[in-house]
Amino acid sequence: MKILYNGDFIEKKDAHVDIEDRGYQFGDGVYEVIRVYNGTLFTLKEHTERLFKSAKEIGIHLQGTVLDMEEKLQQLVAHNQLTDGGVYIQVTRGVAPRKHQYSDSLTPQITAYTFQVKKPVQEQEAGAKAILSEDLRWLRCDIKSLNLLYNIMEKQKASEAGAFEAILVRDGFVTEGTSSNVYAVIDGVIRTHPANNLILNGITRRKLLEVCEEEGCTVEETRISKEELLRAQEIFISSTTAEVIPIVEIDGEPVGEGVPGKLTKRVQVGFQQKINHESEASISS
Ligand code: PDD
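Note that the structure is predicted; figures quoted are calculated from it, not measured.

## Quick look at the overall build of the protein chain
Next, step 1: Helix and strand content of the protein chain: eight helices and 16 strands.
Next, step 2: Rg of the C-alpha trace for the protein chain: 19 Å, near the compact-globule value of 19 Å for 285 residues, within the 12% margin.
Next, step 3: Each of the three principal axes of the protein chain carries a C-alpha extent, and together these read 55 × 50 × 30 Å.
Next, step 4: Buried residues in the protein chain amount to 51% of all 285 residues.

## Here's the deal with the site of the ligand
Next, step 1: Close contacts around the ligand come from 20 residues, with Y31, E176, I203, T204 and T240 the closest.
Next, step 2: A distance of 2.7 Å separates a nitrogen atom of the ligand from a polar side-chain atom of E176.
Next, step 3: Expressed as a share of its isolated accessible area of 470 Å², the protein-covered part of the ligand is 89%.
Next, step 4: At the level of secondary structure, the elements contributing two or more residues to the shell around the ligand comprise β3 (29–37), α2 (44–57), β9 (173–177), α6 (203–215) and β14 (234–239).
Next, step 5: Partitioning the shell around the ligand into residue classes produces four nonpolar, 12 polar and four charged.
Next, step 6: Inspection of the shell around the ligand shows a minimum of three residues originating in each of domain 1 (2–115) and domain 2 (121–276).

## Digging into the sheet that holds strand β1 (residues 2–5)
Next, step 1: Judged by pairing direction, the sheet is antiparallel, and its six strands sit side by side in the order β2-β1-β6-β5-β3-β4 without closing on themselves. Two strands close off the open sheet at either side, each with one partner strand: β2 (8–11) and β4 (40–41).
Next, step 2: Judged from the two bridges that link them, β3 and β4 form a sheet pairing that is antiparallel. Paired with V36 across the two strands is L41, which belongs to β4.
Next, step 3: Along the sheet face, α2 touches β3, β4 and β5 (85–92) and points at about 175° away from the line of β3.

## Here's the deal with the nonpolar core
Next, step 1: Of all hydrophobic cores here, the largest spans 24 residues; its most connected members are L41, L62, M69, L73 and V87.
Next, step 2: Taken together, the elements giving at least two residues each to this core come down to β3, α2, α3 (66–79), β5 and β6 (109–115).
Next, step 3: Counting residues per element, this core draws most heavily on α3, at five residues.
Next, step 4: Counting 19 residues, the second-largest nonpolar core is a separate cluster that includes V182, L229, I237 and I247.

## Observations concerning the side chain of E234
Next, step 1: One can find E234 in strand β14.
Next, step 2: Within polar-contact distance, the side chain of E234 engages the backbone nitrogen of K262 at 3.2 Å.
Next, step 3: When residues no more than four places from it in sequence are discounted, the contact partners of E234 are Y183, A184, V185, V255, G261, K262, L263 and T264.

## Comments concerning the packing of aromatic side chains
The relation between two aromatic rings is expressed through the spacing of the ring centres and the mutual angle of the planes.
Next, step 1: Applying the stated criterion across every chain yields a total of six aromatic pairs.
Next, step 2: Centre to centre, the rings of Y88 and Y113 are 5.4 Å apart; their planes meet at 35°, and the pair counts as tilted. Placement of Y88 in strand β5 and of Y113 in strand β6 is noted, with a sequence separation of 25 residues between them.
Next, step 3: Among the aromatic residues, those joined into a ring-pair cluster are Y31, Y88, Y113 and F115.
Next, step 4: Over the aromatic face of Y102 sits the side chain of R93, whose NZ or CZ is 3.7 Å from the ring centroid.

## So, the packing of α2 against α3
Next, step 1: The geometry of α2 relative to α3 is characterised by a closest axis approach of 10 Å and an angle of 125° between their N-to-C directions. Between α2 and α3, the angle is such that the two are oblique. As for how α2 packs across α3, the hand of that crossing is right-handed. Where α2 approaches α3, its residues L44, K45, T48, E49, L51 and F52 are matched on the opposing element by V66, L67, M69, E70, L73 and Q74.
Next, step 2: Grouping the constituent residues of the contact of α2 with α3 by class yields seven nonpolar, two polar and three charged.

## Remarks on unusual backbone geometry
Next, step 1: Positive phi is not limited to glycine here, since T43 has a value of about 50°.
Next, step 2: Within the secondary structure layout, T43 lies in the loop between β4 and α2.
Next, step 3: On the accessibility criterion, T43 (2% relative accessible area) is buried.
Next, step 4: Positive phi, normally seen in glycine, also occurs at D171, with a value near 50°.
Next, step 5: Mapped onto the fold, D171 is located in the loop between β8 (165–170) and β9.

Rules behind the numbers
- Residues numbered from 1 in each chain as written.
- Predicted model: local features only at pLDDT ≥ 70, side-chain atom pairs only at ≥ 80, totals over all residues.
- Heavy atoms only, no water.
- Helix = DSSP H or I, 4+ residues; strand = E, 2+ residues; numbered from the N terminus.
- Rg over C-alpha atoms; globule rule 2.2 N^0.38 Å.
- Buried < 20%, exposed > 50% of the residue type's maximum accessible area, 1.4 Å probe, protein only.
- Near = heavy atom within 4 Å.
- Polar contact = N/O pair within 3.5 Å; in protein donor to acceptor, adjacent residues only side chain to side chain.
- Areas by Shrake-Rupley, 256 points an atom, 1.4 Å probe, with all protein chains shown as cover.
- Nonpolar A, V, L, I, M, F, W, Y, C, P; charged D, E, K, R; others polar.
- Domains from an automatic or database assignment.
- Pairing = 2+ DSSP bridges.
- Contact = heavy atoms within 4.5 Å.
- Axes fitted to C-alpha atoms, helices over the stretch in contact; angles between N-to-C directions.
- Core = buried A, V, L, I, M, F, W, Y, C linked by side-chain atoms within 4.5 Å.
- Phe/Tyr/Trp six-rings, centres within 6.5 Å; stacked < 30°, edge-to-face > 60°.
- Lys NZ or Arg CZ within 6 Å of the ring centre and 35° of its normal.
- Parallel < 35°, antiparallel > 145°, perpendicular 65-115°, else oblique.
- Left-handed = near helix turned anticlockwise from the far one by under 90°.

Dropping the structure here:
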């Protein structure tokens, strides 16, 4: 299996991480997860642009263009003959003796590898459980930072409670999940948190907003209070790897009828059509 290692394709076993890499020591870096369908990197441009944006926000200056990076990732997928799976790409600030402040002369370390994805079909069809957690993360959740400590703590809590996701609530309002965006259908309107500093503006989220528009569903990017969430007719979450998953139970209480809702299913179908359309289009081009 080949990995992308600072511009070169090398065998995974030949790669190493320097113990003074700031990503390793401080979590000083950013990342992306991209889905591959039919040998095609889905929404590659959006993910690559977000990677560059995240890097820029924390003062990492990447050499090369978004297009160069896209080409490298496509080559990686081709090298590994991946038809269905994912790509993880990570950028760290570089290697230096450990101190908090850094010099601008560091060389960012860029690595990427492909992986298998187990499509969560069971959850997508039957729905999944969630728990509610307090959102105690920092206030720049729009940056896809390697620092995921609080996200993993709460995801672990969800997992130990037999749930798929922890839905985070800050100051009484739902922000997002530990690794997903959250939507609720309230009085027939699909609502989700506005794309500001309190959430990661998911690429799947952006696609779903397009789907909703095309399907003629009413969508509002407005905050959902915890009380509204608990009386929602439908709830679903989205992410690159989860795609669209209905949430049918929160903290042991059923959501709506306790089964995936009609609007959620429409969004799922519309999203699948987008995937099919994009992966078929790029194969024939
Ligand atoms: N997580 N919010 C958070 C906090 C996330 O970590 C993610 C994705 C999303 C959804 O973003 P997107 O639709 O672009 O995947 C929202 C990835 C999949 C992960 O960390 O594995």
